[in-house]
Amino acid sequence: QKEVEQDPGPLSVPEGAIVSLNCTYSNSAFQYFMWYRQYSRKGPELLMYTYSSGNKEDGRFTAQVDKSSKYISLFIRDSQPSDSATYLCAMSEDNAGNMLTFGGGTRLMVKP
Amino acid sequence: DAGITQSPRYKITETGRQVTLMCHQTWSHSYMFWYRQDLGHGLRLIYYSAAADITDKGEVPDGYVVSRSKTENFPLTLESATRSQTSVYFCASSGQLNTEAFFGQGTRLTVV
């Protein structure tokens, strides 16, 4: 079993839909949770960053962490074709900048 | 240009050849990382470095060598390339107390 599990998709939604992306993990020591967005043939870029449990909102994006269930989510409201990308969750035990553990990524397609 | 750059962007090499992938960052970040990205495995850490002359193994280090004589450079060498090392390689960097990792554009390596 992988340390971080993520449905690979692809997930196809119509423009304007609410998108829910999820990851589960097994390491209870993870405290820092991130979502990266990766466009085709590009490097990943940080989208959301959350410490411990709770919600964080940034524009159309909301990140949720439920440490008791070892489950994190990324919600995208009013999805746009420009949101079409692969979304990677990542986690770490500390904030020292090292040892991120990534999920395999979910490919999202938003159709006009 | 500011940021993190990888070279070459694309490389085809033969089995058994030595090949070096270059990574350069202009932020003076302490941490630098090499990941490989493969379908079904997501991003896997090969090696990382906490500072110049300090390197450590990640999840999949076999067959790879790194060095870090200068803070800004972190080359990755495949000593004797194998077909299983065909992958997309990403270099990343992060600050001392910041979990956000900034990624390069990637090097697509094919071993034939």
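By convention here, each chain's residues receive numbers from 1 onward along its written sequence. Whichever chain is written first is A, and whichever ligand is written first is 1; the rest continue in order. Confidence filtering applies because this is a predicted model: local features only for residues at pLDDT of at least 70, side-chain atom pairs given and counted only at 80 or more, and all residues used for totals across whole chains, interfaces and linings. Only heavy atoms go into the side-chain values, all of them from the structure, while hydrogens and water stay out.

**Student:** Break down the overall build of chain A for me, citing the residues and quoting the values.
**Tutor:** Where helices and strands are cited, they refer to DSSP runs of H or I of at least four residues and of E of at least two residues respectively, numbered from the N terminus. Looking only at helices and strands, chain A has zero helices and eleven strands in total. In sequence order, chain A lays out its α and β elements as β-β-β-β-β-β-β-β-β-β-β. Taken over the C-alpha trace, chain A has a radius of gyration of 13 Å; the compact-globule value for 112 residues is 13 Å, and the two agree within 12%. With the C-alpha coordinates of chain A rotated into their principal frame, the extents come out at 40 × 30 × 25 Å. Burial statistics for chain A: of 112 residues in total, 42% are counted as buried. Contact criterion: two residues are considered in contact whenever any of their non-hydrogen atoms come within 4.5 Å of each other. Once local pairs closer than 6 in sequence are excluded, the contacts in chain A between residues at least 24 apart make up 55%. Split by element, the accessible area of chain A, about 5,300 Å² in all, is 46% carbon and sulfur. Every radius of gyration here is taken over C-alpha atoms, with the globule rule written as 2.2 Å times N^0.38, N being the number of residues. Three exposure classes are used, based on accessible area relative to the maximum for each residue type with a 1.4 Å probe and protein chains only: buried under 20%, partly exposed in between, and exposed over 50%. The Shrake-Rupley method, run with a 1.4 Å probe, gives the accessible areas here. Residue values count only the displayed protein chains as cover.

**Student:** So what about the layout of surface pockets? Which residues, and what values?
**Tutor:** The space that makes up the largest pocket amounts to roughly 840 Å³. Sorting the residues of the lining of the largest pocket by element identifies β1 (4–5), β9 (85–92) and β11 (106–111) of chain A together with β4 (31–38), β9 (87–94) and β11 (107–111) of chain B as the ones contributing at least two each. Looking at the lining of the largest pocket residue by residue, the classes come out as 13 nonpolar, 18 polar and eight charged. Two kinds of site are reported from a 1 Å grid over the protein atoms alone, namely cavities, where a 1.4 Å probe fits but cannot get out, and pockets, open sets with protein on both sides within 12 Å along at least five of seven lines, and residues are called lining when an atom falls within 4 Å of a point. Grid points are joined across faces, edges and corners, and a volume is the space filled by probe spheres set on the points. Considering only enclosed or pocket space, the second largest pocket measures out at about 460 Å³ in volume. Forming the walls of the second largest pocket are 22 residues, and the residues nearest its centre are E3(A), L100(A), T101(A), F102(A) and E59(B). Residues were grouped as follows: Ala, Val, Leu, Ile, Met, Phe, Trp, Tyr, Cys and Pro as nonpolar; Asp, Glu, Lys and Arg as charged; and all remaining residues, including Gly, as polar.

These figures come from the coordinates and say nothing about function on their own.
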